[in-house]
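# Structural features, examined
Read off the chains here:
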Amino acid sequence: MDHIEKRLSEIMSEVFQVPIEKIDSESSQDNISNWDSLSHFDLIITIEEAWGITIPVEEIGSMTSMKIISLILKELTAS
Amino acid sequence: MEEVRYSEIIKANQKVNPNLKHSALVKVSILSNITCNQFSSLLLYYLREKNINAKMNIGDYDNIVQNTYDYTDTNIMIIHYDFMGLIGKENIFIEDFNSETSEMLINSIKAEIDIIVKNVKDIPIVIFNLFTPIVAFSHLIKSSVAEKICVELNEHLYRNRARNIILANFERAVQHLGLANSIDMRMYQLSKSLYTIQLWKEYVQSIGSALLYNFGIVRKAIIFDCDNTLWGGVLGEDGIDGIQMADNSGIGRIYREIQKIIVWLANQGILIGLCSKNNPEDVENVIGSHPDMLVRNSHIVIKRVNWEDKATNLLSISKELNIHTDSIVFVDDSPFEINLVRESIPDILTMQVPKAMEAYPSQLLNLVKENFYFSGESSDLNKTKQYLEQNQRKHEETKHASLDEYLASLQIKIVVEKNSPRDVARFSQLTQKTNQFNVTTRRYSETQINNFFANESFDVYSMSVSDKFGDSGVTGLCITKIAGKVIEIDTLLMSCRVMGRKIEYAFINYILKHYQSQRFATVNAKYIPSSKNMPVKIFFPEMGFIRKANENDTYDYSLDLDVWDEKQIDFIEIGK
């Protein structure tokens with residue numbers, strides 16, 4: 001896990017109430033049961049707060065796994 | 001709360017503070033036609049921070065009316081009809097509505113409002129947000145269709161609301177932050193969640209004082225320092241002619257504004273006090289005769305002008321006013337004094353006069369908005385006057401040798417009434433706000449009080465108190481439950497304003513004598529300890545009640561009316 005994924009694991013663990021050791025690079029909406037459409041927005045708000053960014057609306061819906069989120073975050077924070 | 005990050009709020013909400021586990025659960029329901037999950041998280045956090053053991057319940061999306069049929073077992077309900085949600089379902093852009101389509105929309109919502117008002121009548125507190133077109137379409141010069149619809153719906157709400165419904169001007173929260181900071185169209189498109197965290201925080205803090213008022217958690221007094229707080233300059237150095245509070249200078253204008261606010265607060269029943277390191281006669285001189293002073297002795301209920309430290313003075317203020325330190329706000333310009341008070345009495349909310357003086361009035365007003373609540377009830381409005389009368393009583397006290405002799409000189413008169421429906425609002429308010437002389441601390445809504453009236457197994461006794469200095473109004477309440485030959489005291493409370501005059505004995509005597517004459521056998525009572533009701537811990541034993549021996553942690557008492565003899569209180573007149 002890189003730095004971004006580590007930070008994301010902490011956030012996901014808090015938002016979805018899952019022990020941090022259960023979260024890895026393969027975590028996604030499919031294997032975290034508390035990750036539903038409502039908690040998804042808590043996740044987005046928390047990520048925006050943590051990185052101080054605004055995520056474009058078309059990306060929000062696709063951020064359904066650790067891999068995709070970290071990819072999008074890298075793009076958004078690169079510029 | 002403004003500074004707390006949303007992530008921390010989510011985290012905090014996941015665990016219940018162990019101290020709250022023992023306090024009664026307060027059920028809060030949120031009904032809306034937009035998604036309100038973030039609002040719910042923020043409100044939960046806010047209430048728990050104020051030691052209210054809240055449990056949130058979010059209604060089904062866009063099912064406001066339907067949910068009011070089911071959600072009757074709730075303590076607080078918040079209803080938010082969002083205009084965006086209302087018009088989103090239409091095929092026509094709102095400004096393209098003709099009078100017929102507008103009328104149809106208006107009438108269908110009015111019908112919904114009527115059903116809701118009826119369904120929520122037993123819920124103690126309902127906050128209904130007023131409609132606002134601000135998110136849809138508004139124009140500076142032309143009045144928009146959206147605006148016309150909202151105006152008409154709001155008028156309908158004002159005309160038809162019941163006493164338990166508080167109408168909240170949601171739009172003001174949006175105005176404070178600006179529209180751009182208030183809404184997030186991304187979230188609306190994806191999840192029908194329209195507002196930002198920032199907006200909900202603003203809203204929660206704005207409705208907070210109204211909610212807390214109903215739990216008796218509200219600040220009651222503001223204590224001001226004098227130099228550079230009530231007026232500009234230092235009295236001891238600049239002299240009575242050198243201090244500033246007049247329209248003729250920039251600094252003076254700010255203090256004039258502050259004094260206007262203080263007078264307004266006193267008129268609203270907020271207790272105003274002074275706590276200042278000065279020569280008392282100098283300060284008296286300013287208050288009594290400085291031509292520019294707006295705040296006078298008729299507004300100030302308490303003064304501690306001396307050279308003692310301010311923490312000691314504030315504790316003595318709390319004691320004399322008979323209010324807990326968590327009901328007090330203290331304003332001072334000195335960081336030293338503010339820190340001293342903060343560290344020695346953390347319950348007291350402090351405000352330091354800002355360095356940027358122009359912000360002083362608005363900062364004070366913000367503090368007032370978030371921590372005080374103006375019920376508009378006459379019992380609150382007259383509070384300053386009643387406390388000033390209390391001071392006269394205290395002054396009189398020193399002239400008499402014994403307490404009873406002094407009490408007799410007051411010519412106290414009480415009037416006890418049974419099931420008096422005209423005072424139902426005051427009764428409910430007393431149960432919500434009385435903490436010290438309150439044996440069971442049970443909180444009741446107006447509807448619940450009305451239910452006691454309607455139920456033959458309950459009696460509601462109320463007491464009004466007056467003496468030669470003035471009328472304190474309805475200040476005592478006793479609710480009893482009748483089962484066969486046994487009476488149970490469900491609630492017995494008395495406002496702290498009339499404590500210390502043995503009035504409680506006269507009140508309970510009256511009630512017990514009544515039941516004795518009706519040949520009831522036993523009166524059962526209970527003392528439920530709270531953090532504030534120590535003053536009544538010994539009340540029942542004093543009245544001759546016997547504690548039931550088999551219990552350990554509870555205080556259950558019983559009185560045998562066949563052998564009971566009243567505790568004589570000769571100097572209180574029982575009136576009709």
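Please read all numbers here as calculations on a predicted model, not as lab measurements.

Attention now goes to the side chain of K220(B). Inspection of the secondary structure assignment puts K220(B) in the loop between α10 (197-213) and β6 (221-224). This buried residue, K220(B), is left without a salt bridge; D326(B) holds the nearest opposite charge, at 7.0 Å.

This part takes up the pairing of strand β15 (residues 486-494) of chain B. Along any regular strand, the residues point their side chains to alternate faces of the sheet. All names here are of chain B. Within β15, seven of the nine residues are buried, which leaves it mostly tucked inside the rest of the structure. As paired elements, strand β12 (residues 437-438) and β15 share two bridges and run antiparallel to each other. The residue bridging F437 from the neighbouring strand is M494, located in β15. Pairing of strand β14 (residues 470-483) with β15, which is carried by eight bridges, proceeds in the antiparallel orientation. If you follow C478 over to β15, its bridge partner there is L492. Between β14 and β15, which pair antiparallel in sequence order, lie two residues; one of them, G484, sits at a positive phi of approximately 65°. One ladder, built from three bridges, connects β15 with strand β16 (residues 522-527); its direction is parallel. Along β16, the bridge assignment pairs E488 with N524. As a crossover connection, the stretch from β15 through helix α22 (residues 503-517) into β16 is right-handed.

What follows deals with the sheet that holds strand β7 (residues 271-276) of chain B. All names here are of chain B. With respect to topology, five strands assemble into an open sheet ordered β8-β7-β6-β9-β10, the strand pairing being parallel. Each edge of the open sheet carries a strand with a single partner, namely β8 (300-305) and β10 (349-352). Recorded for the sheet is a direction-independent mean angle of 20° between the axes of neighbouring strands. Inspection of the sheet shows β6 paired to β7 by four bridges, in the parallel sense. Looking at β7, one finds that I222 is bridged to I272. Its contacts with the sheet place helix α13 (residues 280-289) against β7 and β8, and it is angled at close to 150° to β8. Strand contacts of helix α16 (residues 360-371): β6, β9 (328-332) and β10, with the helix running at about 165° to β10, the strand carrying the most contacts.

All names here are of chain B. Taken together, five strands build an open sheet; the order of strands is β2-β1-β3-β4-β5 and the sheet is parallel. In this open sheet, the two strands that pair with only one neighbour each are β2 (53-58) and β5 (165-168). Across the sheet, the mean angle from the axis of one strand to that of its neighbour is 20°, orientation sign disregarded. Sheet strands touched by α10: β3 (76-80), β4 (125-129) and β5. Its angle to β4, the strand with the most contacts, is close to 145°.

This part covers the pattern of salt bridges. Residues and elements named next belong to chain B. In this structure the tally under the stated criterion is 28 salt bridges over all chains. Taking the shortest distance from any N to any O, the salt bridge between D490 and R442 comes out at 3.2 Å. Taken together, the residues D490 in strand β15 and R442 in the loop between β12 and α21 (446-454) connect sequence positions 48 residues apart. Looking at D490, the relative accessible area reads 10%, which means it is buried. For R442, a relative accessible area of 24% gives the class partly exposed. Between D556 and K526 there is a salt bridge; the shortest N-O distance is 2.9 Å.

Let's shift gears to the confidence of the model for chain A. For chain A, per-residue confidence averages 90 on the pLDDT scale, and residues scoring 70 or more make up 99% of the total. For chain A, per-element mean pLDDT is lowest for helix α3 (residues 57-60) of chain A, which scores 89, and highest for helix α1 (residues 3-16) of chain A, which scores 92.

What follows deals with the environment of F520(B). Residues and elements named next belong to chain B. Along the chain, F520 turns up in the loop between α22 and β16. For F520 and E396, which are 124 residues apart along the polypeptide, the C-alpha to C-alpha distance reads 41 Å. When sequence neighbours within four positions are dropped, the list of residues in contact with F520 reads I482, G484, K485, V486, I487, Y515 and L561.

Conventions we followed
Residue indices begin from 1 for each chain and proceed along its sequence in written order. All chains are assigned letters beginning with A, and all ligands numbers beginning with 1, in the order in which they are written. Note on the predicted model: pLDDT of at least 70 is required for a residue's local features to be given, and 80 or more for side-chain atom pairs to be given and counted; whole-chain, interface and lining totals, by contrast, use all residues. Note: side-chain values were computed over all heavy atoms of the structure, leaving out hydrogens and water. Segments assigned H or I by DSSP are reported as helices when at least four residues long, segments assigned E as strands when at least two residues long, and all are numbered from the N terminus. Only protein chains enter the accessibility calculation, which uses a 1.4 Å probe. A residue is then buried if its area is under 20% of the maximum for its type, exposed if over 50%, and partly exposed in between. When charges are counted, Lys and Arg are positive and Asp and Glu negative, with His and the chain ends excluded. Salt bridge, as used here, is a side-chain nitrogen of Lys or Arg placed within 4 Å of a carboxyl oxygen of Asp or Glu. Criterion used throughout: strands pair if DSSP finds at least two bridges between them. Looking down the strands as they point away from the viewer, one classifies a crossover as right-handed if the path from the first strand across the helix to the second runs clockwise. Every angle, taken between N-to-C directions, lies between 0 and 180 degrees, and every axis is a line fitted to C-alpha atoms, over only the stretch in contact when it is a helix. Any two residues whose heavy atoms approach within 4.5 Å are treated as being in contact. A residue's pLDDT is simply how confident the predictor is in it, with values from 0 to 100.

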